[in-house]
Structures are given as C-alpha cells and as structure tokens.
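Architecture and fold: a report
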Amino acid sequence: MNTKHISKFLSLVLRHNPDKLGITLDTQGWTDVNILLQKMNAQGKNVDVERLKEVVATNDKKRFAFNEDQTMIRANQGHSISVDLNYEAITPPNFLYHGTVPKFMGEIKQQGLRKMSRHHVHLSEDKTTAMRVGARRGVPTILVIRSSEMHQKGHLFYKSENNVWLTDHVPSEFIDFK
Ligand code: HQG
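Residues numbered from 1 in each chain as written. Predicted model: local features only at pLDDT ≥ 70, side-chain atom pairs only at ≥ 80, totals over all residues. Heavy atoms only, no water.

Below, the discussion takes up the site of the ligand. Near the ligand you find 18 residues, and of these R15, K61, H98, T100 and R137 are the closest. Within the side chain of K61, a nitrogen or oxygen atom sits 2.4 Å from an oxygen atom of the ligand. A distance of 2.9 Å separates a nitrogen atom of the ligand from a polar atom in the side chain of Q111. When isolated, the ligand has an accessible area of 780 Å², and the protein chains bury 91% of it. Every element with two or more residues in the shell around the ligand is listed here: β4 (95-100) and α4 (105-111). Each residue belonging to the shell around the ligand can be placed in one class, and the counts come to five nonpolar, five polar and eight charged. Formed jointly, the shell around the ligand draws a minimum of three residues from each of two domains, domain 1 (3-75) and domain 2 (96-176). (Near = heavy atom within 4 Å. Polar contact = N/O pair within 3.5 Å; in protein donor to acceptor, adjacent residues only side chain to side chain. Areas by Shrake-Rupley, 256 points an atom, 1.4 Å probe, with all protein chains shown as cover. Helix = DSSP H or I, 4+ residues; strand = E, 2+ residues; numbered from the N terminus. Nonpolar A, V, L, I, M, F, W, Y, C, P; charged D, E, K, R; others polar. Domains from an automatic or database assignment.)

With that out of the way, let us pick up the packing of helix α1 (residues 3-16) against helix α3 (residues 49-58). Look at α1 against α3: their axes get within 10 Å of each other, and the N-to-C directions meet at 85 degrees. The pairing of α1 with α3 is recorded here as roughly perpendicular in orientation. Along the contact surface, α1 presents T3, I6, S7 and L10, while α3 presents R51, L52, V55 and T58. Its residues assigned to classes, the contact of α1 with α3 shows four nonpolar, three polar and one charged. (Axes fitted to C-alpha atoms, helices over the stretch in contact; angles between N-to-C directions. Parallel < 35°, antiparallel > 145°, perpendicular 65-115°, else oblique. Contact = heavy atoms within 4.5 Å.)

Let's shift gears to helix α2 (residues 33-42). The complete set of buried residues in α2 reads V33, L36, L37 and M40. In a view along the axis of α2, the buried residues occupy a sector of 95 degrees, so they form one face of it. Within α2, the exposed residues directed more than 90 degrees away from the buried face are N34, Q38 and A42. At its buried positions, α2 is contacted by α1, β1 (31-32), α3, β2 (64-66) and β3 (72-75). Backbone nitrogen of N34 and a side-chain oxygen of the N-cap are separated by 3.0 Å at the start of α2; the cap is D32. Trailing α2 by a residue or two, G44 shows a phi angle of about 80 degrees, which is positive. (Buried < 20%, exposed > 50% of the residue type's maximum accessible area, 1.4 Å probe, protein only. Arc of directions from axis to C-beta.)

The strands making up a sheet are joined through hydrogen bonds of the backbone, oriented either antiparallel or parallel. If you walk across this open sheet you meet the three strands as β1-β3-β2, and the pairing is antiparallel. On the outer flanks of this sheet lie β1 and β2, each paired with one strand and no other. Two strands pair when backbone bridges link them, and β1 and β3 are joined in this way by two bridges, in the antiparallel orientation. For D32, the partnering residue across the bridge sits in β3 and is M72. The strands that α3 touches are β2 and β3; relative to β2, the one it contacts most, it runs at about 125 degrees. (Pairing = 2+ DSSP bridges.)

This part covers the packing of aromatic side chains. Each aromatic ring pair is described using two quantities: the centre-to-centre distance and the angle formed by the ring planes. In this structure the tally under the stated criterion is one aromatic pair. For the pair Y87 and Y158, a centre-to-centre distance of 6.2 Å together with 35 degrees between the ring planes defines the contact as tilted. Of this pair, Y87 sits in the loop between β3 and β4 while Y158 sits in strand β7 (residues 158-159), and the two are 71 residues apart along the sequence. When its relative accessible area of 22% is taken as the criterion, Y87 is described as partly exposed. If you follow K45 out to its NZ or CZ, it ends over the ring of F9, 4.6 Å from the centre. (Phe/Tyr/Trp six-rings, centres within 6.5 Å; stacked < 30°, edge-to-face > 60°. Lys NZ or Arg CZ within 6 Å of the ring centre and 35° of its normal.)

Just distances and angles here, no functional claims.
Structure (structure tokens):
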C-alpha cells in the first residue's frame, strides 16, 4: 500500500467505519495501535509500526495523531461517528474561508453552511486551503465568513490539532457571497 492508500484507509476506519476492520474506538476516538496493525495485516495490508509512524508524520493535513506513548492513534477531525475530541472553544480570526462549488450556492444562501455528515462545518484560515477543499468537488468558489462577528453573537469556534476551524453552523447572514 502506498502512503496515500494507507492514509485513506485510516480515514475510513478511524473516522467513519471502524467495523470494517473490526476495531473499536474509545469515546475520544482512540484505538490501540497494535490491534490496528494486526487487523490490517490480517487483511493483507502490510504495514508495520515504523511505516504507520511515517504516514502519520508526513500526512499533508496531519489527519492522525498518536497519544504520548504512541500506543494509541486517532483521527484529528472529520469523524462521522460519534466521538468527543475535547475541543476547547476559542476566539476565531476576523475572517475564515470555506471552499465549495457553485451547485451548492443556492442552498447555502438559504440555509447557511451546514455540517452535513460531519460533526462541524469546516473552515480554513487562508484562501489557498479553502480553494483546495473546494477543488475536491469541481471549480471552487470561496466564501468569506465574518467569524469575529459570529463569535460576538455567541457562536462557538474550535480549532483542531491540524488547524481546521470548526463551528456548528454558519447562518447565511455571516457569509459574504461575491
Ligand atoms: C457543502 C477534507 C448544500 C459544503 C477537506 C461542502 C476539508 C452545503 C459539502 C474537510 C451546505 C460538505 C471538510 C448547504 C455546506 N447546502 N451544501 N446548506 N452547507 N454544504 O466534505 O468542507 O481529506 O463534509 O460546501 O480538505 O468540503 O477529509 O466538507 O462542499 O478539510 O481530511 O457540503 O474534508 O479533509 O462536504 O470538507 P464535506 P468540506 P479530509
């Protein structure tokens, strides 16, 4: 398995479908590294602990993290199954960005940004990252979110370990549509 395949597989089992591998996640999303590797190897996915560490360390978006003694691993964000990542609410920058595609704009204007199948709406600190997120679905459109104003009005913001800004819902009044 190349690095990208391992990363995609980890995203699947650590965020969405641990049953696929027969592992369990604790309430904070952690799973045992040895068991994970054993089960992967039993499925013919030959990954050892050094390779896993390399994938975690070089991941372009720091999607995964080990605990202190590196016996447990979890995804830093992006779960669809229920986990409590213990985020602390913090003050956002004045503006945050969201990359999407034109076909969603009508609904976003009406409903604002919704978390869809994730636990939060994902926002970026810079436009380049937002462009990349949007480009996964087609020609990207960047929305500018007036995050300070949202925060002043009581909306909570969190930042994941890999610098993704998270919030529950962005009502359309806080979005600048170009
Ligand atoms: C859109 C990837 C209709 C929203 C990326 C997006 C990111 C609406 C899609 C991370 C809507 C949801 C998150 C509404 C939002 N009506 N469409 N009211 N509100 N949408 O994948 O932000 O590789 O759940 O614009 O790099 O695209 O997984 O969210 O297009 O960081 O680590 O509904 O996922 O990272 O899509 O991406 P997603 P996202 P990973």
